[in-house]
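Fold and contact review
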Amino acid sequence: MKSKTQSQLPLIDLTDENLKLGSNNWLSTCQVMRSAFEDHGGFMALYDKVDSKTNNSMYSAIQQFFDLSIETKQRKTTEKPIFSYSGQHPQIPLFESLGIWNPLSIDDCQKYTNIMWPQGNDHFCGSVNSYAKELVELDHIVKRMIFDSYGLERKKVETLLESTDYVVRGFKYRTPQVGESNLGVAPHADASFITILNQKVEGLEVKLKNGDWCEVGASPSLFLVMAGDALTVWSNDRIPACAHRVFINSKIERYSTGILSYASKIMEPQEELVDEEEHPLRYKPFDHYGYLRFFLTEEALKCDSRIKTYCGI
Ligand SMILES: O=C(O)CCC(=O)C(=O)O
Ligand SMILES: [Fe+2]
């Protein structure tokens, strides 16, 4: 295995300066983003629009959730094939995660909250909803930039945004006991369209194009933006899904959080990114929720590339 080195994932400044739609800075930032996605499947974003109050209440809400009993955390919250809760896995015993489907809707946040806290928990419900609403803006910026970087018509990204579902996730890792491995999550890529993560405590690492692993920093204004398998389908294999892993190196529990997006309708590789010579059509029409159901089957666990097995041509 390659060792960790000083190679870095690109850091892209998405604070005000570069965000005037159509400005020179916007256009050059789009090109940097496209290269980062095509090379490494992702990048670090400097983004200061998530309010520090929202950020702090989100982390305290997540903490409240993980303090519930295992039986409560394991309650089913959605019919969608996403994890409401994941944890207690013998191979990765430090890891726990929560998932809230459609967090932009206060009603769906309330529904989730009432299942976990029948007596109510306004702090949790409000924090998740506010956090999702603030962080989804970053997701929209990234998607607008990807479309612009390939010179696609603006209205096409609006169509994509209208057929996107979101899930907010929170992660907690306890510290390893003596003799226990410090692996938090083994190397993998996500099944999402795009995953955006923030970490309160370091531990996240990303695999670069050259095979080196790069450590991601922890700061309220630093977000790891990663392509999931669906972005590989959309881009007709131009953008690889970003490989990442987690180690627990510190003496304190690790918390992280973020927003993941999924295609709510059947999605095909973007037609402009398909050509006869260099980029022939690589994927059949893709049902994202069908893929999520397939993702954890025995068949999927065995294959080299789950996305190719599911819908590759
Ligand atoms: O803990 C994190 O920050 C990321 C966890 C992760 O990559 C996953 O559960 O898919
Ligand atoms: Fe992941």
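The structure this text deals with has already been given above.
Throughout what follows, the structure given in this document is the object of discussion. Because the structure is predicted, anything quoted here is derived from the model rather than measured.

In this section: the pattern of salt bridges. Counted according to the given criterion, the structure contains 16 salt bridges. The salt bridge partner of Asp39 is Lys209, with a shortest N-O separation of 3.4 Å. On the criterion of sequence distance, the pair formed by Asp39 in helix H1 (residues 24–40) and Lys209 in the loop between strand S8 (204–207) and strand S9 (213–215) is long-range, its members being 170 residues apart. Here the salt bridges do not stand alone but share partners, grouping Lys156, Glu271 and Glu272 into one network.

One ladder, built from three bridges, connects S8 with strand S11 (residues 244–247); its direction is antiparallel. Bridged to Glu205 within S11 is Arg245. Counting the residues between successive antiparallel strands, the hairpin from S8 to S9 contains five residues, one of them, Gly211, with a positive phi of roughly 95°.

Our focus in this paragraph is the sheet that holds strand S12 (residues 254–263). The strand order S1-S2-S10-S7-S12-S5-S4-S3 describes an open sheet built from eight strands, whose pairing is mixed. Looking at strand neighbours, the two that pair on one side only are strand S1 (11–13) and strand S3 (85–89), the edges of this open sheet. Within this sheet the neighbouring strands show an average axis-to-axis angle of 25°, counted without direction. Relative to S12, strand S7 (residues 194–199) is paired through six bridges, and the arrangement is antiparallel. Each bridged residue has a counterpart across the sheet, and for Ile196 the counterpart in S12 is Ile259. In this fold helix H5 (residues 122–149) packs onto strand S2 (42–46), strand S4 (92–101), strand S5 (164–173), S7, strand S10 (222–227) and S12, with an angle of close to 125° to the strand it touches most, S7. Packing of helix H8 (residues 288–295) onto the sheet brings it into contact with S4, S5 and S12, and relative to S12 it is tilted by some 130°.

Moving on to the nonpolar core. The biggest cluster of nonpolar side chains holds 77 residues, and the ones touching the most others in it are Leu14, Phe37, Phe43, Phe65, Val142 and Trp234. With 13 residues, the single largest contributor to this core is H5. Residues contacting Phe43, with those up to four places away along its chain left out, are Leu9, Pro10, Ile12, Leu14, Met33, Ala36, Phe37, Val142, Phe223, Leu224 and Val225. If you look at the next biggest cluster of nonpolar residues, it comprises 20 residues, including Leu222, Leu224, Met226 and Ile248.

So, on to the site of ligand 1. Around ligand 1 lies a shell formed by Phe95, Phe171, Tyr173, His188, Asp190, Leu197, Leu204, His244, Val246, Arg254 and Ser256. The contact in question runs from an oxygen atom of ligand 1 to an N or O atom on the side chain of Asp190, over 3.4 Å. In the complex, 90% of the free accessible area of ligand 1, which totals 300 Å², lies under the protein chains. Mapped onto the shell around ligand 1, the elements with two or more residues apiece are S5, S11 and S12.

Surrounding the iron ion (ligand 2) are the protein donor atoms His188 (NE2), Asp190 (OD) and His244 (NE2), which sit 2.1 to 2.2 Å from the metal. The sequence motif formed by the donor residues of the iron ion (ligand 2) is H-x1-D-x53-H. Taken together, the positions of Asp190 in the loop between strand S6 (183–188) and S7 and His244 in strand S11 put the pair 54 residues apart, joining distant regions of the chain. On the basis of relative accessible area, Asp190 is assigned to the buried category, the value being 15%. Taking relative accessible area as the criterion, His244 reaches 4% and is therefore assigned buried.

Sheet architecture is open: four strands sit in the order S6-S11-S8-S9, paired in antiparallel fashion. Two strands close off the open sheet at either side, each with one partner strand: S6 and S9. Taking each pair of neighbouring strands and ignoring which way they run, the sheet shows an average axis angle of 25°. When S6 meets S11, the two strands line up antiparallel, connected through three bridges. Each residue of the ladder has a partner; that of Leu183, found in S11, is Phe247.

The subject of this paragraph is the packing of aromatic side chains. In this structure the tally under the stated criterion is 18 aromatic pairs. Judged by centre distance (6.3 Å) and plane angle (85°), the rings of Phe286 and Tyr310 are edge-to-face. One end of the pair, Phe286, is in the loop between S12 and H8; the other, Tyr310, is in helix H10 (residues 306–311), and 24 residues separate them in sequence. A relative accessible area of 0% places Phe286 in the buried class. The partly exposed category is assigned to Tyr310, whose relative accessible area is 25%. Members of the aromatic cluster, joined through ring pairs, are Phe65, Phe66, Tyr85, Tyr112, Trp117, Phe124 and Tyr255. The lysine or arginine in question, Lys80, covers the ring of Tyr289, its NZ or CZ lying 4.6 Å from the ring centre. Cation over ring: Arg245 sits above Trp213, and NZ or CZ is 4.0 Å from the ring centre.

Cut-offs used in this document
- Residues numbered from 1 in each chain as written.
- Chains lettered and ligands numbered in written order.
- Predicted model: local features only at pLDDT ≥ 70, side-chain atom pairs only at ≥ 80, totals over all residues.
- Heavy atoms only, no water.
- Salt bridge = Lys/Arg side-chain N within 4 Å of Asp/Glu carboxyl O.
- Helix = DSSP H or I, 4+ residues; strand = E, 2+ residues; numbered from the N terminus.
- Pairing = 2+ DSSP bridges.
- Axes fitted to C-alpha atoms, helices over the stretch in contact; angles between N-to-C directions.
- Contact = heavy atoms within 4.5 Å.
- Core = buried A, V, L, I, M, F, W, Y, C linked by side-chain atoms within 4.5 Å.
- Buried < 20%, exposed > 50% of the residue type's maximum accessible area, 1.4 Å probe, protein only.
- Near = heavy atom within 4 Å.
- Polar contact = N/O pair within 3.5 Å; in protein donor to acceptor, adjacent residues only side chain to side chain.
- Areas by Shrake-Rupley, 256 points an atom, 1.4 Å probe, with all protein chains shown as cover.
- Donors = N, O, S within 2.8 Å, 3.2 Å for Na, K, Ca; no water.
- Phe/Tyr/Trp six-rings, centres within 6.5 Å; stacked < 30°, edge-to-face > 60°.
- Lys NZ or Arg CZ within 6 Å of the ring centre and 35° of its normal.

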